[in-house]
Amino acid sequence: MAVARRIAAGVVLGWVAVAAVALLAGGPLDDVRVTSGTSMLARGAESARVLDLLAKQDGRVVPALVIYERDGPLQAGDLKAARKDLRRFTAVPNVLGTASDPIPSADGRALQTTVLVSGKPGVLVSPVAEELRRIAAEGGPPGLVTYVSGAVGAAADYVDSFGHVDGTLLALSVGVVLLVLLAVYRSPVLWVIPMLAVVVAYICSAAAVYALARAGVMTLRAATPEIFTVLVFGVATDYALLLVARYRERLRVTADERAALKDALSGGIRTVVASALTVAGGVGCLVVADTNALRSIGAAAAAGIVITMVVMVTLLPALMLLGGRRAFWPSVPRPGEAARDGLWRGVAGFVGQRPRLSWAGSALLLTLLCLGLTTLDASGIPPSALFTMRTDSVAGYDALKRHYPASAPVVVLARQDRSAAVAEAARRSEGVVSVRPGPPARWRGIDVVLAAEPNTPEAQRLVEQLRASVRGVAGGAALIGGFTSELLDVKNAAVDDAYLVVPLILLVVGLILVVLLRSVVAPLLLMGTVVLSFAATLGLCSALFTQFLGYPVMDASFALYAFVFLIAFGIDYNIFLMARVREESMRLDTREATLHALRATGGVITAAGVVLAAAFFVLTVLPLVPIVQLGLLVAVGVVIDTVVVRSFLVPALAHHLGRVIWWPARATP
């Protein structure tokens, strides 16, 4: 025993040293986040090709819309003040110039002008937007309100929304894990062991992803750092809860702490490894997507989960061995002591006595929740509804809608010899408000404005119509990009990615389950329950968003994100349960093994679900509607999965099928 403790102490010191080095060598993931250029687009998208051509030619130009608004009619000094601001704007670093003189609105209550900002790689739009806002706000006539909106304003607000909450997000993740551990263990000592392992797992995995991003092996985009944080904390805590629960269970059987740990790890580590490989394999399928943001999350999440698994199956057992039975004080488990599983004994009794009612009732409830899918609208979130808070760019969009016709900017690139024909075709296209050719160039830029709000079905329809018009006269000698086209391309890529990623995830996860459970029936059953759970969750949350929270639309990629996470985590908890059923079926009848596994794992799966749901709920502190929707949906989905699917539907189906569930493997007792 003394030798084992010395080895365990060496493992702990080794991981602490690794974590210390990781802290010194790493850095905040936000520092390696890419937020400019084609970071949110898909490989090969037409709008991405436009950005690449602009970068090679004259550099990308990003518009900033500066709006001046007054409650009443504009005064004589308002136009003079706006013109003065225009001259000052041109002196701001990375401002290339202005597009026009201030344009009064038809109602005489607003002015707008366009400032052209460099979009070359490495140019940060946030400082430019901040300086434009400072200039527009200071020294203006009393009562004249100013906003900086457009692509520059929205991009700056998007970037700033992440930068201000990363520390808060990390603190909340740690706090959530701590509170759940205290509630589950009710011990002033025991929580330290899993908490230390979870923190080391996060430090090491974050440092590894940081190093890979700095080396160019992977690229972090969009909300990848935030999703990575809550994912690692949630998954690491789940694995800690599972291993500690099995250790406590064995301590009630034997007085030998070392033997208890060995027995706990013999099945526990296999379950954790299988779970980690399943979740990593599921989210890792995102790396085949065309959308850059999806590939970013897939690569970072898969790497983080694998590293977390390695830490948890090495560091946590060493800490448990050093802590021993005393770490559970004041509820120290003793040999022969009965487990406190009254609630789950009752649930198992109900499932065993009424299996058909249990699975039929659960399936009916989930099917009813699927009716909410009729409210689902994944046409895309317009810029004016992107943030949960009142940002300057959103206020600017609202001011534009109050005083000007809806407009969606588009950039057309045409080869010089075809530019005149392309410009004429654009003028004839439906919904085009204005066409302004740029200076001659190999690929000549033509600024087009459409009569629609960006990222709305109408704007997307007009972009498609414009593309058809210019292709009719120029073929491949003309490309359409710009802010409005980029939003459309992101939506189309998300739909295409769904057709590729969804079957791949189901295949990968299904194969892992076949290998783990050595069965065909069980994996098919488990996959079916998880898909039903996902559909029910999406239906419930769609109704919740549209009817109560005021989020009438979602991004096209939203359902794909949700599917990936809920399928991965749903299978994760299926593995917790069914791996134990498989283990117990070596000595018990399958039906009795199912009930025993439900009693043994019900508490830990529920606790794990609470941790993961709370971790993703933390994402709601971000002021971005798509991230809030994702956090809420995963949180609700995990709760549905643990309370309904894992407690009633899956064990009831397993009990009902009995030995058939292991077909074609050899029947167990």
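Thresholds, definitions, all that
- Residues numbered from 1 in each chain as written.
- Predicted model: local features only at pLDDT ≥ 70, side-chain atom pairs only at ≥ 80, totals over all residues.
- Heavy atoms only, no water.
- Helix = DSSP H or I, 4+ residues; strand = E, 2+ residues; numbered from the N terminus.
- Rg over C-alpha atoms; globule rule 2.2 N^0.38 Å.
- Contact = heavy atoms within 4.5 Å.
- Phe/Tyr/Trp six-rings, centres within 6.5 Å; stacked < 30°, edge-to-face > 60°.
- Buried < 20%, exposed > 50% of the residue type's maximum accessible area, 1.4 Å probe, protein only.
- Pairing = 2+ DSSP bridges.
- Axes fitted to C-alpha atoms, helices over the stretch in contact; angles between N-to-C directions.
- Polar contact = N/O pair within 3.5 Å; in protein donor to acceptor, adjacent residues only side chain to side chain.
- Salt bridge = Lys/Arg side-chain N within 4 Å of Asp/Glu carboxyl O.
- Disulfide = S-S within 2.5 Å.
- Core = buried A, V, L, I, M, F, W, Y, C linked by side-chain atoms within 4.5 Å.
- Bend = angle between axes of the 7 residues up to and from the residue.

S.K.: I'm lost on the overall build of the protein in this one. Help?
M.R.: A tally of helices and strands in the protein yields 20 helices and eleven strands. For 669 residues, the compact-globule estimate of 2.2 N^0.38 gives 26 Å, and the protein sits close to it at 29 Å. Projected onto its principal axes, the C-alpha positions of the protein cover 90 × 50 × 45 Å. Look at the contacts in the protein between residues 6 or more apart in sequence, and 80% of them connect residues 24 or more apart.

S.K.: What am I meant to see in the packing of aromatic side chains here?
M.R.: To describe a pair of aromatic rings, you give the distance between the ring centres and the angle between the ring planes. Overall, the coordinates contain ten aromatic pairs when judged by the stated rule. Seen in terms of ring centroids, F350 and F648 are 6.4 Å apart; in terms of plane orientation they differ by 80°. Their pairing is edge-to-face. Note that F350 is positioned in helix α11 (residues 342-353) and F648 in helix α20 (residues 625-657), a separation of 298 residues in sequence. A relative accessible area of 25% means that F648 is categorised as partly exposed. Between the aromatic rings of F534 and F563, the centroid separation amounts to 5.1 Å while the plane-to-plane angle is 85°, which identifies the pairing as edge-to-face.

S.K.: Looking at this structure, how should I read the sheet that holds strand β9 (residues 432-437)?
M.R.: The four strands are arranged β9-β10-β8-β11 in an open sheet whose pairing can be described as antiparallel. If you trace the sheet from one side to the other, it starts and ends with β9 and β11 (478-481), each paired once. Put simply, the sheet's adjacent strands are angled 25° from each other on average, direction ignored. Set on the sheet, helix α14 (residues 419-428) makes contact with β8 (408-415), β9, β10 (443-450) and β11; between it and β9 the angle comes to about 165°.

S.K.: Would you take a moment to explain the environment of E584 for this structure?
M.R.: The topology assignment puts E584 in helix α18 (residues 558-584). The exposure class assigned to E584 is buried, which follows from its relative accessible area of 5%. Sequence separation of E584 and A206 is 378 residues, and the distance between their C-alpha atoms is 37 Å. Apart from the residues within four sequence positions on either side, E584 is in contact with A593 and H596. At a separation of 2.6 Å, a polar atom in the side chain of E584 contacts the side chain of R587.

S.K.: Would you mind showing me how to read unusual backbone geometry here?
M.R.: Across residues other than glycine, the phi torsion is negative in most instances, and most of the peptide bonds are trans. Cis peptide bonds are those with omega within 30 degrees of zero, and the linkage from W329 to P330 qualifies with 10°. Mapped onto the elements, P330 comes out in the loop between α10 (292-323) and α11. Between W663 and P664 the backbone carries a cis peptide bond, its omega angle lying at 5°. By the element assignment, P664 lies in the segment after α20. For R186, which is not a glycine, the phi torsion comes out positive at approximately 50°. Mapping R186 onto the fold places it in the loop between α6 (166-185) and α7 (192-214). Using a relative accessible area of 56% as the deciding quantity, one classes R186 as exposed. Even without glycine at this site, R518 takes up a positive phi of about 50°. With respect to the secondary-structure elements, R518 resides in the loop between α16 (483-517) and α17 (521-549). Overall, R518 belongs to the partly exposed group, its relative accessible area being 47%.

S.K.: How should the pattern of salt bridges be read in this particular structure?
M.R.: Working definition: two side chains of opposite charge can pair if their charged atoms are close together. Under the counting rule described, the total for this entry stands at 28 salt bridges. When the shortest N-O distance is used, the salt bridge between R70 and D78 registers 2.9 Å. One exposure class covers both R70 and D78, and it is buried. In the salt-bridge network here, residues are joined through shared partners; they are E46, R467, R471 and D489.

S.K.: How do you make sense of the state of the cysteines when you look at a structure like this?
M.R.: Simply put, the disulfide is a covalent bond whose two ends are the sulfur atoms of two cysteines. This structure, assessed with the given rule, holds zero disulfides. Note on C370: no disulfide assigned, nearest cysteine sulfur contributed by C541 at a separation of 12 Å. Classification of C370 by relative accessible area gives buried; the value is 18%.

S.K.: Where do I start with the nonpolar core in this structure?
M.R.: What tends to happen in soluble globular proteins is that the nonpolar side chains get buried as a cluster. One finds M312, M320, F565, F569, M578 and F616 to be the most contacted residues of the largest nonpolar core, which totals 163 residues. The residues touching F569, leaving out its near neighbours within four places in the chain, are L231, V235, V279, L612, F616, V634 and D641. Formed by 23 residues, the second largest nonpolar core is a distinct cluster that contains A423, I446, L450 and L462.

S.K.: What is the right way to read α20 from this model?
M.R.: Along an α-helix, residues three or four apart share an orientation, since each turn contains 3.6 residues. At V645, α20 shows its strongest bend, of approximately 50°. Within α20, 27 of the 33 residues are buried, leaving the element largely enclosed by the surrounding structure. Following α20 by one or two positions, G658 has its phi on the positive side, about 65°.

In short, geometric facts, not functional conclusions.
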